[in-house]
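# Remarks on the overall topology
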Amino acid sequence: MNSEQNNKPQDTEKLKEIPKWMRRYAQNRMLTAFVYLTIVGIISMVITVPVMCLIVAFVKGNMILAGVGIVLSVAVMIFLYIFSVTKLKILRWIDQWIYGHEGTASIPALELTKRKKWLEYAVAMVWLILFIGTMDLGMEGYISVKYVQPISALYCVPFMVCSWYFWQRPKMGPILLLSPILYTMHAILIIVGVPIFFTGQLGAAVNMSLPMIGYGFMSYVIGHFYSRYALKKLKGIIHLEGDAVNGV
Amino acid sequence: MEFDKVIHEPVRLRIMMILSGVEQADFNFLLTTLSLTRGNLSRHVEKLESAGYLKVKKSFNGKMPNTSYQLTQKGSKALAQYWENLDAVRQLGQP
């Protein structure tokens, strides 16, 4: 009876799609990373406050402000240390908070050898130097503000693709590639003359950071919605009828 | 040709298929996705585990106990064999 109800040829063919939708669902539970990166972003912004305090204090010779700046800097450093040490715990806690009610299904990240881990850090460091360098050259006027984003795309796009392919796959799905695709399109649009860039003193920084952060977050949010779709599809395929629910 | 009776049961086939798509899934996920009762799911999982098709991992999520399941190599092979047999039977039935 159970088999007749739920293992009809058309049903069983559909059942073959379960692993595919399961993978898509697990790979795209991206809101956890989105929330985590938002917290990192907020902390990064908070760091600038004590640094600014210190700069202003030393320029004006205000020792009270310098003291406040030093205390704030130490506090932020301690917070950052705790945050980095408990990263996995925090990620698990966020994941439970967002997806806890539907349980956990996961695909692990690739096991990285020590060499590959160091390579990852080295590549990230090179990228950071290039990114800050381009931004600085743009702010100093050596590169036109209009072209800082297209120039940064030359190394940012390969970096984003490689970091997904070598380090985030298969834990994260190919939806993350949306970010480099959008970054490339943004660069192309600027080159063909579409005015999607800011001018002014901070223009270079904003023109590079905003698309980088914005498209990154956009791909995480799209990933999250795709995981909802995948889960719905999955439940549709899995759906059991009648006696099958209770049969053992 | 004989079908593996452990896998041929609809709920257990679905559990095996779910686990074949990921590294591991926990009890809660299987419960909400399959819309079963706790007792019913436990019995199905026990049958799969005693057949050697599943590996159970018990851990703690903070203070809450968490049970995850992973398909074993034996389970993967049995699942592949099940589909092979089913497809073969279907081909025999075609005109």
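Residues numbered from 1 in each chain as written. Chains lettered and ligands numbered in written order. Predicted model: local features only at pLDDT ≥ 70, side-chain atom pairs only at ≥ 80, totals over all residues. Heavy atoms only, no water.

## As for the overall build of chain B
Tallying secondary structure elements over chain B gives five helices and three strands in all. Taken from N to C terminus, the helices and strands of chain B fall in the order α-α-β-α-α-β-β-α. Along the first, second and third principal axes, the C-alpha set of chain B runs to 60 × 25 × 20 Å. For chain B, buried positions account for 48% of its 95 residues. Sequence separation of 24 or more characterises 54% of the internal contacts of chain B that already satisfy a separation of 6 or more. For chain B, the exposed surface amounts to about 5100 Å²; the carbon and sulfur share of it is 52%. Treating the 13 positive side-chain charges of chain B as one cloud and the 9 negative ones as another, the clouds have centres 6 Å apart. (Helix = DSSP H or I, 4+ residues; strand = E, 2+ residues; numbered from the N terminus. Buried < 20%, exposed > 50% of the residue type's maximum accessible area, 1.4 Å probe, protein only. Contact = heavy atoms within 4.5 Å. Areas by Shrake-Rupley, 256 points an atom, 1.4 Å probe, with all protein chains shown as cover. Lys, Arg positive; Asp, Glu negative; His and termini not counted. Charge placed at Lys NZ, Arg CZ, Asp CG, Glu CD.)

## Some points on the overall build of chain A
Check the secondary structure of chain A and you find 10 helices and one strand. In sequence order, chain A lays out its α and β elements as α-α-α-α-α-α-β-α-α-α-α. Radius of gyration (C-alpha) of chain A: 24 Å, far over the 18 Å computed for a compact globule of 248 residues. When its C-alpha atoms are laid out on the principal axes, chain A stretches across 85 × 45 × 35 Å. Looking at chain A alone, contacts between residues at least 24 apart form 81% of all its contacts between residues at least 6 apart. Surface accessibility of chain A: about 14700 Å² in total, with carbon and sulfur atoms responsible for 72%. (Rg over C-alpha atoms; globule rule 2.2 N^0.38 Å.)

## Quick notes on the packing of aromatic side chains
Tallying each qualifying case throughout the model produces 13 aromatic pairs over all chains. Between Y82(B) and W83(B), the ring centres sit 5.5 Å apart and the planes meet at 75°, which makes this aromatic pair edge-to-face. In this structure an aromatic cluster arises from ring pairing among W164(A), Y165(A), F166(A) and W167(A). The ring of Y165(A) carries the charged tip of R169(A) above its face, separated from the ring centre by 4.0 Å. (Phe/Tyr/Trp six-rings, centres within 6.5 Å; stacked < 30°, edge-to-face > 60°. Lys NZ or Arg CZ within 6 Å of the ring centre and 35° of its normal.)

## Structural notes on the layout of surface pockets
The method is simple in principle: a probe with the dimensions of a water molecule rolls over the atoms, and the space it marks as empty is what remains. Residue and element names in this part refer to chain B. By volume, the second largest pocket amounts to about 280 Å³. Looking at the second largest pocket, it is lined by 13 residues, and the ones nearest its centre are D26, N28, M64, P65 and N66. Broken down by secondary-structure element, the contributors of at least two residues to the lining of the second largest pocket are helix 3 (27-34), strand 2 (54-61) and strand 3 (64-71). Looking at the lining of the second largest pocket element by element, the count peaks at four residues for strand 3. (1 Å grid on protein atoms, 1.4 Å probe; cavity = no way out; pocket = protein on both sides within 12 Å on 5 of 7 lines; lining within 4 Å. Points joined across faces, edges and corners; volume = space filled by probe spheres on them.)

## Topic: the sheet that holds strand 1 (residues 105-106) of chain A
Read from one edge to the other, the open sheet built from four strands follows the order 1(A)-1(B)-3(B)-2(B), with strand pairing classed as antiparallel. Here the strands that pair on one side only, and so sit at the sheet edges, are strand 1 of chain A together with strand 2 of chain B. Pairing geometry for strand 2 of chain B and strand 3 of chain B, over eight bridges, is antiparallel. The residue bridging L54(B) from the neighbouring strand is L71(B), located in strand 3 of chain B. Packing of helix 2 (residues 10-21) of chain B onto the sheet brings it into contact with strand 1 (24-26), strand 2 and strand 3 of chain B, and relative to strand 3 of chain B it is tilted by some 90°. (Pairing = 2+ DSSP bridges. Axes fitted to C-alpha atoms, helices over the stretch in contact; angles between N-to-C directions.)

## Some remarks on the packing of helix 4 (residues 31-60) of chain A against helix 10 (residues 203-238) of chain A
Residue and element names in this part refer to chain A. Here helix 4 crosses helix 10 at 150°, and the two axes come no closer than 8 Å. It follows that helix 4 is roughly antiparallel to helix 10 by the angle criterion. Both helix 4 and helix 10 take part in a crossing whose hand is left-handed. Within the contact between the two elements, helix 4 uses L31, A33, F34, L37 and T38 and helix 10 uses F217, Y220, V221 and H224. Residue composition of the contact of helix 4 with helix 10, grouped by class: seven nonpolar, two polar and no charged. (Parallel < 35°, antiparallel > 145°, perpendicular 65-115°, else oblique. Left-handed = near helix turned anticlockwise from the far one by under 90°. Nonpolar A, V, L, I, M, F, W, Y, C, P; charged D, E, K, R; others polar.)

## So, the pairing of strand 3 of chain B
Residue and element names in this part refer to chain B. Burial of strand 3 is extensive: six of the eight residues sit out of reach of the surface. Across two bridges, strand 1 lies against strand 3 in antiparallel orientation. Note on strand 3: the bridge partner recorded for A25 is Y69. Hairpin connection of strand 2 to strand 3: two residues between the antiparallel strands, including G62 at a positive phi of 70°.

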